[in-house]
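Each chain, letter by letter, is given below.
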Amino acid sequence: MKYDFLLFDADDTLLDFKKSEDISFQIVLKKNRITGDYNSLIESYKTINNLLWAQHALGIVSKDFLKIERFRKFLEVNSLSADPVMMCDDYLNTLPDQVFLIEGTLDLLTSLHKKIPLIIVTNGIGVVQHQRLHNSGLKPFIDLMIVSEECGYSKPDVRIFQHTFNSLKISHEKNKILMIGDKLETDILGANRIGIDSCWFNPDKNPNTTKITPTFEIQNLKDLIIHL
Ligand SMILES: [Mg+2]
């Protein structure tokens, strides 16, 4: 094999976060008695949430602020009244139970397990990500999971990668490590900055409108094997 270590992003690379988010959000609306056009409500939430995560990646807002602010802003924008702290709690309590795999995840990890160390490097909330990994059934395949909240740095910050390498006691050359992820701005940019190869998982064949260049791109997880 060309690589000695594989670093995977979790959400929307191995786990179907979009589906988890969708179902969790529906539960939060129901619990907080919020009614209205579901599609426009979730789109509004996603826009606000994505913007806040982008600001977090740039170091503008903290994760603690983001957790509540996304619901506060959502209520404000949609002129709804509910308690954003309660919504945040409901969301974080239900999210770990809503776990779905991306097509091909289980086959891929089964075929790579014990052949090469499989590491997850994820931007997220520690307790949520560990619970989700546990509920996904993927835990036996994963040698180590690094969560941004626990290490103090988020992708694309090189320090989350340095922290990962230190945890793994990696003294190998960087060309033996591959990062696989769906986000150019975090997974691929982070890999480029630390100087390791990267695989952009791009199932929807989105055009790359950034100046961030992955080493290679795949549309299906099963296609990763041919690059290893
Ligand atoms: Mg992702």
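Just so you know, the residues in each chain are numbered from 1, in the order the chain's sequence is written. Totals for whole chains, interfaces and linings use all residues, but because this is a predicted model, local features are given only for residues with pLDDT of at least 70 and pairs of side-chain atoms are given and counted only at 80 or more. Side-chain measures here rest on the full set of heavy atoms in the structure, leaving out hydrogens and waters.

1. Here we look at the sheet that holds strand S5 (residues 197–201)
- Here, any two strands with at least 2 DSSP bridges between them count as paired. The numbering of helices and of strands both runs from the N terminus, where a helix is a DSSP run of H or I of at least 4 residues and a strand a run of E of at least 2. Pairing is parallel across the open sheet formed by 6 strands, whose spatial order is S3-S2-S1-S4-S5-S6. The open sheet terminates on both sides in strands that have one partner only, identified here as strand S3 (144–147) and strand S6 (216–218). Direction aside, neighbouring strands of the sheet carry axes that sit 20° apart on average.
- The sheet contacts of helix H8 (residues 158–168) involve strand S1 (5–8), strand S2 (118–122), S3 and strand S4 (177–181), and relative to S3 the element is tilted by about 150°.
- Its contacts with the sheet place helix H9 (residues 184–194) against S4 and S5, and it is angled at close to 165° to S5. Axes, fitted as lines to C-alpha atoms, cover a helix only where it is in contact. Angles between the N-to-C directions of the axes lie from 0 to 180 degrees. Contacts: residue pairs with any heavy atoms within 4.5 Å of one another.

2. Describing helix H5 (residues 105–112)
- For every residue, the accessible area obtained with a 1.4 Å probe (protein chains only) is divided by the maximum for its type, and the residue is called buried under 20%, exposed over 50%, and partly exposed between those limits. Buried residues of H5: Thr105, Leu108, Leu109 and Leu112, and no others. The buried residues of H5 all sit within an arc of 90° when viewed along its axis, so they share a single face.
- Against S1 and S2 lie the buried residues of H5.
- Just past H5, the residue Lys114 takes up positive phi, approximately 70°. The directions from the helix axis to the C-beta atoms are what the arc is built from.

3. Section: the pairing of S5
- Counting buried residues in S5 gives 5 out of 5 residues, a clear majority hidden from the surface.
- Residues Asp197, Cys199 and Phe201 line one face of S5 and the alternating positions Ser198 and Trp200 line the opposite face, and both faces are buried.
- Bridge count between S4 and S5: 4 bridges; the pairing is parallel. Residue pairing in the sheet places Gly181 in a bridge with Trp200 of S5.
- The path from the first strand over the helix to the second decides the hand: if it runs clockwise while the strands point away from the viewer, the crossover is right-handed. Taking the sense of rotation as the criterion, the β-α-β connection linking S4, H9 and S5 turns out right-handed.
- Note that S5 and S6 share 3 bridges and pair parallel. By the bridge assignment for S6, Phe201 is matched with Ile218.

4. A short note on the nonpolar core
- Among buried residues, those of type Ala, Val, Leu, Ile, Met, Phe, Trp, Tyr and Cys that are joined through side-chain atoms within 4.5 Å constitute a nonpolar core. Core analysis: the largest hydrophobic core is formed by 29 residues, its most contacted members being Leu6, Phe8, Leu178 and Leu224.
- Breaking this core down by element, the ones donating at least two residues are S1, H5, S2, S3, S4, S5 and S6.
- No other element matches H5, which puts 3 residues into this core.
- Apart from the residues within four sequence positions on either side, Leu224 is in contact with Phe8, Leu108, Leu178, Ile180, Cys199, Phe216 and Ile218.

5. Thoughts on the coordination of the magnesium ion
- Protein coordination at the magnesium ion comes from Asp9 (OD), Asp11 (O) and Asp182 (OD), with a distance range of 2.1 to 2.2 Å.
- Donor residues binding the magnesium ion come from one chain and are separated in sequence as D-x1-D-x170-D. Of the two residues, Asp9 and Asp11, neither departs from the other in class, the shared state being buried. Sodium, potassium and calcium take a 3.2 Å donor cutoff, other metals 2.8 Å, and in both cases only N, O and S atoms count; water is not among them, so sites may look incomplete.

6. Topic: the environment of Ile102
- With respect to the element layout, Ile102 can be found in the loop between helix H4 (84–94) and H5.
- Considering only alpha carbons, one finds Ile102 and Lys19, 83 residues apart in sequence, at a separation of 9.8 Å.
- Ile102 has contacts with Asp12, Thr13, Leu14, Leu15, Asp16, Phe201 and Leu221, leaving out every residue within four places of it along the chain.

7. A short note on the packing of helix H1 (residues 17–31) against H4
- The interhelical angle for the contact between H1 and H4, taken along N-to-C directions, is 135°, at an axis separation of 9 Å. Considering the angle they form, H1 stands oblique to H4. Note that H1 runs across H4; the crossing there is right-handed. For the pair H1 and H4, contact is made by Phe17, Glu21, Ser24, Phe25, Ile27, Val28 and Lys31 and by Met87, Asp90, Tyr91 and Thr94, respectively.
- Classes in brief: Ala, Val, Leu, Ile, Met, Phe, Trp, Tyr, Cys and Pro nonpolar; Asp, Glu, Lys and Arg charged; the others, Gly included, polar. Grouping the constituent residues of the contact of H1 with H4 by class yields 6 nonpolar, 2 polar and 3 charged. Every angle not falling under 35 degrees, over 145, or within 65 to 115 is termed oblique; those three ranges are roughly parallel, roughly antiparallel and roughly perpendicular. Left-handed describes a crossing in which the near helix is turned anticlockwise from the far one by less than a right angle; the clockwise case is right-handed.

8. A look at the side chain of Gln98
- Counting through the fold element by element, Gln98 comes out in the loop between H4 and H5.
- Sequence-distant contacts of Gln98, defined by excluding residues within four places in its chain, comprise Ser20, Ile23, Ser24 and Ile27.

9. Let's talk about the pairing of S2
- For S2, the tally of buried residues reaches 5 of 5 residues, placing the bulk of the element in the interior.
- One ladder, built from 3 bridges, connects S1 with S2; its direction is parallel. Its bridge partner being in S2, Leu6 is matched across the sheet by Leu118.
- Strand direction decides the pairing type here: S2 and S3, joined by 4 bridges, are parallel.

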